[in-house]
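Chain and residue survey
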Amino acid sequence: MMQRAATSILPTAGNMLASAQQQRGMATLKTISMRLKSVKNIQKITQSMKMVSAAKYARAERELKQARPYGEGSKQFYEKAEVVAPEKTEETKKLYIAMSSDRGLCGAIHSGICRHIRADLAADSSIKVICVGDKSRAILQRLYAKNILMVASEVGRLAPQFLDASKLANEVMNLEYEFTDGKIMYNRFKSVVSYSISDLPVFSLKSVESAPKLAVYDSLDSDVIQNYLEFSLASMLFFAMKEGACAEQSSRMTAMDNASKNAGEMIDKLTLTFNRTRQAVITRELIEIISGAAALS
Amino acid sequence: MSIALRGARLLTARGIRAIQSRGYSDEMSFTLAAANKVFYDNVSVRQVDVPSFSGAFGILPKHVPTLAVLKPGVVTVYENDGSQKKVFVSSGTVTVNEDSSVQVLAEEAQPLDLIDASAAREVLSKSQSELASASTDKARAEAAIAVEVAEAIVKAAE
């Protein structure tokens, strides 16, 4: 039992039997060096992932700067016309759009969004969800598979384009589920070390038409509003995608940096153990030789 | 004496604030942005002419609030110093809010002087042939939109 605890570094039991002679008390040199090599490889991988996401982040941030006024602009109308979600009744149908991506290893980006949505779903199970990116689907599927209407995949490999957003907006508009209002949940990028979960409003034609301040707007017919809503949904989705992509890359950068640091610590510890073991092996062999010689004389 | 002085100071302070707030409402804060580029971000300008599906119209400060859908065409911005800037937009929306803020959001926009007229004509002839050979309703609608945009570009570039 003691032996097994001491040699827990060993990968397989078969190996343990084969070299049982050597391992008394301490892990063998070979297993330690194997482990050391694998940790070094992992560190190389996390380091290069960090470099890649740093480059992608620089680009995403540049593009986000261009997209910010665009997103702010598309939000203005809903704020200034004071469009609000209708009171909750039997007929209100809410739609949430979760902006995540297909790629993981980026901290709490996806789980944060899903946690938020899950809290709302627990309170009101009639809310339907559209998952953008496989990660949010994987998280929400376990408990709320029935609430997921649609999943958009292939998100996050390339930088988001307006065309992606308009395709998604088109699908949302053609849904059989006639939502009355909803939210786009996304990660708002603040700085390299910080992001927060934010939402953008989505409304149906009916909700906009019943807004109290809509009367001050001149020469509107429902056609114009419908077209306007479609385009503004696309531009808000585009903006949310850009924000999400930038936050994701920056978060992946931090996560990979931390992983490399942890791997570095592990390498230090393993190297120390490796050297100590080697020293012990040498000492033991010396003792064997000397005591052998002493017994002979 | 001191009370009178303070009163006078209060009065002037209020007077200045009143002038400032009036000055602000005579300006419009104009945003012209596209998915690829930002042209103006809450900048005060004199006038903006936009093409829309309900007809081209000019926006001055204190325009009545309205919504409109952009048509492919040229947005002309008259800046405060009198200079003009022309930007070609493909499609998008125009929002004029109650507080004189104007947002023109385009799917794609380019300054007019960057547009190559001969390349535009090429695109026009290509999309016209696509329209002629389109078989399904959807393809025909897509080609018709391409022709409409190309025609507007050629017209704008000439």
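These numbers were taken from a predicted model, which means no experiment stands behind them.

Quick notes on the rules
- Residues numbered from 1 in each chain as written.
- Chains lettered and ligands numbered in written order.
- Predicted model: local features only at pLDDT ≥ 70, side-chain atom pairs only at ≥ 80, totals over all residues.
- Heavy atoms only, no water.
- Helix = DSSP H or I, 4+ residues; strand = E, 2+ residues; numbered from the N terminus.
- Rg over C-alpha atoms; globule rule 2.2 N^0.38 Å.
- Buried < 20%, exposed > 50% of the residue type's maximum accessible area, 1.4 Å probe, protein only.
- Contact = heavy atoms within 4.5 Å.
- Lys, Arg positive; Asp, Glu negative; His and termini not counted.
- Charge placed at Lys NZ, Arg CZ, Asp CG, Glu CD.
- Pairing = 2+ DSSP bridges.
- Buried area = accessible area lost by both parts, 1.4 Å probe.
- Salt bridge = Lys/Arg side-chain N within 4 Å of Asp/Glu carboxyl O.
- Polar contact = N/O pair within 3.5 Å; in protein donor to acceptor, adjacent residues only side chain to side chain.
- Nonpolar A, V, L, I, M, F, W, Y, C, P; charged D, E, K, R; others polar.
- Axes fitted to C-alpha atoms, helices over the stretch in contact; angles between N-to-C directions.
- Domains from an automatic or database assignment.
- Parallel < 35°, antiparallel > 145°, perpendicular 65-115°, else oblique.
- Left-handed = near helix turned anticlockwise from the far one by under 90°.

Remarks on the overall build of chain A
Within chain A, the secondary structure is distributed over eight helices and five strands. Reading the secondary structure of chain A in the N-to-C direction produces α-α-α-β-α-β-α-β-α-β-β-α-α. Its C-alpha atoms give chain A a radius of gyration of 29 Å, more than 25% over the compact-globule value 19 Å for 297 residues. Each principal axis of the C-alpha distribution contributes one length, and for chain A these read about 115 × 40 × 25 Å. Counting only residues that meet the buried cut, chain A has 40% of its 297 residues in that class. For chain A, contacts bridging at least 24 residues in sequence account for 72% of all contacts bridging at least 6. Put simply, chain A has 40 plus and 31 minus side-chain charges, and the middle of one group is 15 Å from the middle of the other.

Some points on the pairing of strand β5 (residues 73-79) of chain B
Residues and elements named next belong to chain B. Looking at chain direction, strand β2 (residues 38-50) and β5 are connected through four bridges and run antiparallel. Considered in β5, the bridge of V48 is made with V77. Bridge analysis of β5 against strand β6 (residues 84-89) gives six bridges, and the strand direction is antiparallel. When the bridges of β6 are listed, T76 appears paired with K86.

Re the interface of chain B and chain A
Each partner contributes residues to the interface: chain B has 28 residues there, and chain A has 20 residues. Among the residues of chain B in contact with chain A, A35, L67 and L105 of chain B are the three that bury the most area, contributing 27% of the side total. For the interface between chain B and chain A, the tally reads two salt bridges. Between E98 of chain B and K213 of chain A there is a salt bridge; the shortest N-O distance is 3.1 Å. On the surface where chain B and chain A come into contact, there are nine residue pairs in polar contact (both at pLDDT 80 or more). Mapped by element, the contributors of at least two residues to the side of chain B that touches chain A are β1 (28-34), β2, β4 (66-70), β7 (92-96) and β8 (101-106) of chain B. No other element matches β7 of chain B, which puts five residues into the side of chain B that touches chain A. Each residue belonging to the side of chain B that touches chain A can be placed in one class, and the counts come to 13 nonpolar, 10 polar and five charged.

A short note on the sheet that holds strand β5 (residues 194-203) of chain A
All names here are of chain A. The strand order across the open sheet built from five strands is β3-β2-β1-β4-β5, with neighbouring strands paired in mixed fashion. Each having just a single partner strand, β3 (148-152) and β5 make up the two edges of the open sheet. Direction aside, the axes of adjacent strands within the sheet are offset by 20° on average. Each of β4 (181-191) and β5 touches helix α3 (residues 29-80); the most contacted strand, β4, lies at about 140° to it. Docked against the sheet, helix α6 (residues 162-173) engages β1 (94-99), β2 (128-132) and β3, running at close to 160° with respect to β3.

So, the pattern of salt bridges
Should their charged atoms come close, side chains of opposite charge can pair. All names here are of chain A. Counted under the stated rule, the structure contains 15 salt bridges over all chains. We note a salt bridge from D257 to K50, for which the minimum N-O separation is 3.6 Å. Highlighted residues: D257 in helix α8 (residues 222-296) and K50 in helix α3, separated in sequence by 207 residues. When its relative accessible area of 26% is taken as the criterion, D257 is described as partly exposed. With its nearest N and O atoms 3.7 Å apart, the salt bridge here joins R188 to E72. Residue R188 is found in strand β4, and its partner E72 is found in helix α3; the two are separated by 116 residues along the sequence. The exposure class assigned to E72 is partly exposed, which follows from its relative accessible area of 26%.

Looking at unusual backbone geometry
Residue and element names in this part refer to chain A. Despite not being glycine, E82 shows a phi value in the positive range, around 55°. Within the element layout of this structure, E82 appears in the loop between α3 and β1. E82 sits in the partly exposed class, given a relative accessible area of 40%. A positive phi angle is found at L105, which is not glycine, with a value near 55°. With respect to the secondary-structure elements, L105 resides in the loop between β1 and α4 (109-123).

Quick word on the domain arrangement of chain B
All names here are of chain B. Each domain of chain B was delimited in the assignment, giving domain 1 (24-112) and domain 2 (115-157). In this structure, domain 1 and domain 2 have C-alpha centres spaced 25 Å apart. With both chains or domains summed, domain 1 and domain 2 bury close to 580 Å², and 76% of this area falls on carbon and sulfur atoms. The tally of links between domain 1 and domain 2 comes to zero salt bridges. Along the contact surface separating domain 1 from domain 2 lie one residue pair in polar contact (both at pLDDT 80 or more). Here the residues of the side of domain 1 that touches domain 2 are counted per class, giving six nonpolar, one polar and one charged.

So, the packing of α3 of chain A against α8 of chain A
Axes are the key here: two packed helices are described by the angle between their axes and the distance separating the axes. Residues and elements named next belong to chain A. One way to put it is that α3 packs onto α8 with a least axis distance of 5 Å and a crossing angle of 160°. In terms of axis orientation, α3 runs roughly antiparallel to α8. The handedness of the crossing between α3 and α8 is left-handed. When the residues that make up the contact of α3 with α8 are grouped by side-chain class, the tally is 28 nonpolar, 16 polar and 13 charged.

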